[in-house]
Amino acid sequence: MALTNSKPKIAIVYASATGHTERLTEMIVDASVSQGLQPEVFPVKEFDLKELLRYDIVVVGTYTWMNGEIPRQLHRLFEAIEQQSGDLVTGVFGTGDRCFATYCGAVDLFRDMLHAKTQLAATLKVEQMPSAEDRLRCDAFMNSVWRKYSQHVENLVAAKP
Ligand SMILES: Cc1cc2nc3c(=O)[nH]c(=O)nc-3n(C[C@H](O)[C@H](O)[C@H](O)COP(=O)(O)O)c2cc1C
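For clarity, every value in this text was computed on a predicted model and none was experimentally measured.

### Some remarks on unusual backbone geometry
Moving on, step 1. At cysteine 104, a position not held by glycine, the phi torsion is positive, near 50 degrees.
Moving on, step 2. By the secondary structure assignment, cysteine 104 is in the loop between strand 4 (89–96) and helix 3 (105–117).
Moving on, step 3. In this model, glutamine 128 sits at a positive phi of 55 degrees, which is unusual for a non-glycine residue.
Moving on, step 4. The topology assignment puts glutamine 128 in the loop between strand 5 (119–127) and helix 4 (134–159).

In structure tokens, the structure reads:
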């Protein structure tokens, strides 16, 4: 990890089966750019897990599958992030459907792990296809990610002897 006070290296990694989470990812990317960030964006199958260490911030996008589960293609990313040092700043967003018993359960499962193992900044849940109004929520989400990163760098600098 290359935590610096300059522009952080940020990856947005997502899975989407029918397009809702992909659309939400596009909105998250727009919100990142509005924050002055330059994210690298990867469908999870194109993300090389060995590259994880190169990033200061990793934002995960997920839909929810069967009884609140994380989609299979995100399992290896989940396990790889679990092994990271606590300096990685993270966020998780996702889409789901309230007609299921565990609404956006995959976001909750990522949230719990990211909270325990990383510097979790924010979570965001959207029902099915995001609408224009969700743009503001994406802006707030990425603003939280950016503030968490800035605060974490400040804390590290202050802790140096
Ligand atoms: C078989 C199946 C199981 C699902 N299970 C859940 C669930 O447990 N909780 C939930 O919130 N949504 C569930 N969903 C809804 C999807 O997560 C939701 O439609 C999501 O927006 C799909 O995202 P995508 O378009 O990016 O693939 C399920 C959908 C299908 C087809």
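### Observations concerning the layout of surface pockets
Moving on, step 1. In this structure, the largest pocket encloses a volume near 330 Å³.
Moving on, step 2. Taken together, the elements giving at least two residues each to the lining of the largest pocket come down to helix 1 (20–34) and strand 4.
Moving on, step 3. Partitioned by chemical class, the residues of the lining of the largest pocket number 6 nonpolar, 12 polar and 1 charged.

### A short note on the sheet that holds strand 2 (residues 40–43)
Moving on, step 1. Taking strand neighbours across the sheet as the criterion, the 5 strands line up as 2-1-3-4-5 in an open arrangement whose pairing is parallel. Edge positions in the sheet fall to strand 2 and strand 5, since each of these pairs with one other strand and no more. Strand after strand, the sheet turns through a mean of 15 degrees between neighbouring axes, direction not considered.
Moving on, step 2. Here strand 3 (residues 57–63) pairs with strand 4 via 7 bridges, running parallel. Counterpart to tyrosine 63 in the pairing with strand 4 is threonine 95.
Moving on, step 3. On the sheet, helix 1 packs against strand 1 (10–14), strand 2, strand 3, strand 4 and strand 5 and is oriented at approximately 140 degrees with respect to strand 4.

What counts and how
The numbering scheme is per chain: residues are counted from 1 as the chain's sequence reads. Local features in a predicted model are, by the rule used here, given only for residues with pLDDT of at least 70; side-chain atom pairs are given and counted only at 80 or more, and totals for whole chains, interfaces and linings are based on all residues. Where side-chain values are given, they derive from all heavy atoms of the structure, hydrogens and water being excluded. Here a strand is any run of E in DSSP of at least two residues, a helix any run of H or I of at least four, and the numbering for each starts at the N terminus. As defined here, a cavity is a set of points on a 1 Å grid over the protein atoms alone where a 1.4 Å probe fits but cannot get out. A pocket is an open set with protein on both sides within 12 Å along at least five of seven lines, and residues line them when an atom is within 4 Å of a point. Grid points are joined across faces, edges and corners, and a volume is the space filled by probe spheres set on the points. The classification used treats Ala, Val, Leu, Ile, Met, Phe, Trp, Tyr, Cys and Pro as nonpolar, Asp, Glu, Lys and Arg as charged, and all other residues, Gly among them, as polar. We call two strands paired when DSSP finds no fewer than two bridges between them. Geometry is summarised by axes, namely lines fitted to C-alpha atoms with helices restricted to the contacting stretch, and by angles between N-to-C directions that run from 0 to 180 degrees. Only heavy atoms enter the contact rule, under which two residues are in contact if any of them lie within 4.5 Å.

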